[in-house]
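Architecture at a glance
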Amino acid sequence: MYIVNLILPLIGSIVTGILGHKLGNRISIQIAVGCMMLTALSSLYIGYEILLCNSVVHFKLGTWMQVGSLNVEYGLLYDSLTSIMIIVITSISSMVHLYSMDYMKADPHKTRFFSYLSLFTFFMMLLVTADNFVQLFFGWEGVGIMSYLLINFWYTRLQANKSALKAVILNRFGDFGLFFGILLVFLVFKSVDFSVIFTVAPFVTEYTINLIGYEVNAITLIGSFIVIGVVGKSAQLGLHMWLPDAMEGPTPVSALLHAATMVTAGVFLVLRTSPLLSYSITILNILTIIGALTTLFATTIGIVQNDIKRVIAYSTCSQLGYMIFACGLLNYNASIYHLTTHAFFKALLFLSAGSVIHGLNDEQDMRKMGGLVNLMPLTYQCMLIGTLALTGFPFLSGYYSKDIILETSYATYYWEGTFAAIIGYVAAFGTTFYSFRLLILTFFNKPRMSYKTIQGVHEASTKMVIPLVILAICSIFIGYITKDLFVGLGTPVWNNSFYAYPYNNLILESEVLQRELKLLPLFAFIYGVITPVLFYYNIKEARMQDVVMTESTKESYFFFVKKWYFDFLSRVLIVVPFFHLSYDVMNKELDKGLWEQIGVTGVATALVKEFTEFKLNNETTISTYISYIVQAIIMIIVVGLFSYVAGVIYMELYILIGIIYICINKPNKS
């Protein structure tokens with residue numbers, strides 16, 4: 001069951017990608033979707049065995065590589081964390097597969113698309129089921145490669161090429177961080193197996209590594225490199241620039257990539273390595289600060305975006321910040337809880353946005369929409385449910401998971417927790433603001449499309465609506481159903497899946513917070529709804545003119561539109577200098593300059609020049625050269641016979657050198 005669960009997406013990818021042209025589009029796509037549905041069902045069964053029956057499955061499949069003391073084996077680890085992740089991954093992926101059957105119906109390369117989707121899911125499952133760092137890194141790299149192929153699926157579009165390259169290059173920084181972290185893990189623990197590393201970790205908390213003359217704590221150094229990998233893959237502040245540009249791929253790709261697979265890989269890595277990272281207070285503080293700042297940054301940028309998919313993309317970045325700073329506060333169960341609920345309502349939002357884009361002939365600018373509430377009522381209802389879940393409307397899934405993170409963050413009573421909680425409350429208001437701004441601009445007010453576009457607006461087909469309805473139901477109930485399972489007091493589900501601090505009473509502390517603090521998310525939601533309604537509902541030009549003319553508003557708006565100048569600074573401080581170094585210095589001055597003069601090219605050019613001058617100044621006829629050759633051959637034969645008879649070995653060498661010297665230096669006829 002466990003091996004079948006892992007390889008079914010791979011089988012679907014191979015059949016669709018390699019045999020698709022023989023089986024036909026319809027049959028091959030149905031096979032891919034069927035394999036994914038079976039994978040989702042088997043994941044639910046595995047979740048029942050692991051979560052509800054309170055068991056762990058860990059088995060080895062054989063030796064992968066053995067070099068010296070490095071022994072890497074194929075192994076699968078199914079614990080509570082893995083079972084939750086595969087349920088989320090396969091459930092969202094199966095909905096995306098079903099949705100894509102109609103969404104990509106007119107695309108001539110749809111079999112390739114489904115092959116990529118299935119392979120993407122396989123690599124993500126390989127990542128979360130790994131029992132050692134090397135196997136995890138293999139899945140990690142596979143996810144990165146597939147994200148490049150999916151973002152660049154429409155490879156004839158220049159912007160898709162740029163976005164895919166941007167994603168893979170920025171992720172490469174994170175990949176290098178994780179790679180060096182794995183090397184340091186092997187240096188310290190002499191193993192890459194999770195069970196060995198996490199067992200030994202408490203005994204090496206004082207171990208140090210000499211780094212350019214300074215003694216650095218080994219776990220802190222390892223954690224620093226792992227954090228770089230997390231920042232790159234989960235699009236945290238600093239390496240976040242690729243995430244909004246990833247919207248250039250098809251909308252189902254955005255839903256899968258942002259909801260359940262690639263961006264959650266970084267959060268999973270923190271959770272999986274928590275028995276190691278939790279022994280370094282420095283790393284925990286770094287995670288808290290990075291996550292909080294990412295939440296604030298993404299929220300402020302999402303407020304001013306006009307592309308419907310980019311607004312949802314920045315909300316993903318913001319919610320990932322919640323998960324990361326929850327991990328930094330040792331609140332791991334709240335982090336995986338929010339990851340689970342977020343996956344369903346974020347997939348719902350993206351697929352609903354895809355339905356809108358599909359109905360408007362690929363229009364993504366919200367300023368060119370409006371009035372769709374009567375034209376696409378079912379899509380509007382699904383989008384509304386996803387928006388309410390995202391913003392933390394009471395008793396929907398986001399309400400439970402987001403509130404538990406905010407309350408437990410403040411209940412730490414450390415400055416890091418208070419800092420993260422304050423930013424979290426501010427971001428809750430911002431999230432509600434841009435989410436309802438999206439709803440109002442897209443579905444309300446007067447239509448801002450052309451008459452021809454309005455005539456072509458249509459509701460999504462049945463195969464596109466079914467995933468929306470299922471995800472909407474999950475977005476309503478999944479938070480309430482799983483609350484006690486994930487974050488209930490004394491829940492036995494997690495066992496040793498991640499680090500459990502014995503004196504961590506955050507749940508109890510959060511229960512006795514002041515009433516005002518518990519009501520803050522509700523107030524943030526109310527004000528977040530009222531503000532966009534006042535500004536954008538039945539919008540009046542005079543009212544907007546008053547706002548735009550305010551100097552402080554203009555400066556703030558410009559700052560947010562420029563994305564805090566991160567793209568500008570990265571271009572000026574990193575891209576342009578490296579381009580100058582690579583092209584002007586390394587290419588023009590060294591490769592085509594110095595190395596060509598002193599290297600092989602320079603020597604060849606000099607020899608050609610000398611021989612050309614010799615040829616032009618030489619008037620010897622070809623018959624003379626033939627005579628020289630015949631004389632040389634006769635001389636070699638005579639010398640060889642004489643050397644054989646006389647036993648003189650080196651005589652031939654001296655005579656040959658003399659002949660060549662005479663021939664070359666023979667005076668030319670004047």
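Calculation rules
Residues numbered from 1 in each chain as written. Predicted model: local features only at pLDDT ≥ 70, side-chain atom pairs only at ≥ 80, totals over all residues. Heavy atoms only, no water. Helix = DSSP H or I, 4+ residues; strand = E, 2+ residues; numbered from the N terminus. 1 Å grid on protein atoms, 1.4 Å probe; cavity = no way out; pocket = protein on both sides within 12 Å on 5 of 7 lines; lining within 4 Å. Points joined across faces, edges and corners; volume = space filled by probe spheres on them. Nonpolar A, V, L, I, M, F, W, Y, C, P; charged D, E, K, R; others polar. Axes fitted to C-alpha atoms, helices over the stretch in contact; angles between N-to-C directions. Parallel < 35°, antiparallel > 145°, perpendicular 65-115°, else oblique. Left-handed = near helix turned anticlockwise from the far one by under 90°. Contact = heavy atoms within 4.5 Å.

Let's shift gears to unusual backbone geometry. Among all residues except glycine, the phi angle is most often negative; among peptide bonds, the trans geometry is most common. A positive phi angle, close to 65 degrees, is found at L330, a residue other than glycine. Residue placement: L330 occurs in the loop between α15 (308–328) and α16 (332–359). Positive phi outside glycine occurs at N361, with the angle close to 60 degrees. For N361, the location among the structural elements is in the loop between α16 and α17 (377–391).

Space inside the second largest pocket adds up to approximately 740 Å³. In terms of lining residues, the second largest pocket is bounded by 22 residues, among which K166, L170, M241, S570 and V575 are the most central. Contributions of two or more residues to the lining of the second largest pocket are made by α7 (158–189) and α26 (566–598). Here the element with the most residues in the lining of the second largest pocket is α7; it accounts for 8 residues. Taken together, the residues of the lining of the second largest pocket break down into 11 nonpolar, 4 polar and 7 charged.

Helix packing geometry: the angle between the two helix axes and the distance between the axes. Helix α19 (residues 415–443) packs onto helix α14 (residues 281–302) with a crossing angle of 20 degrees between their chain directions and a minimal axis gap of 8 Å. Relative to α19, α14 is oriented roughly parallel. The chirality of how α14 crosses α19 is left-handed. Touching N285, T288, I289, A292, L293, T295, L296, T299 and G302 of α14 are W415, E416, F419, A420, I423, V426, A427, G430, T431, Y434 and R437, all from α19. Split by residue class, the contact of α14 with α19 holds 11 nonpolar, 7 polar and 2 charged.

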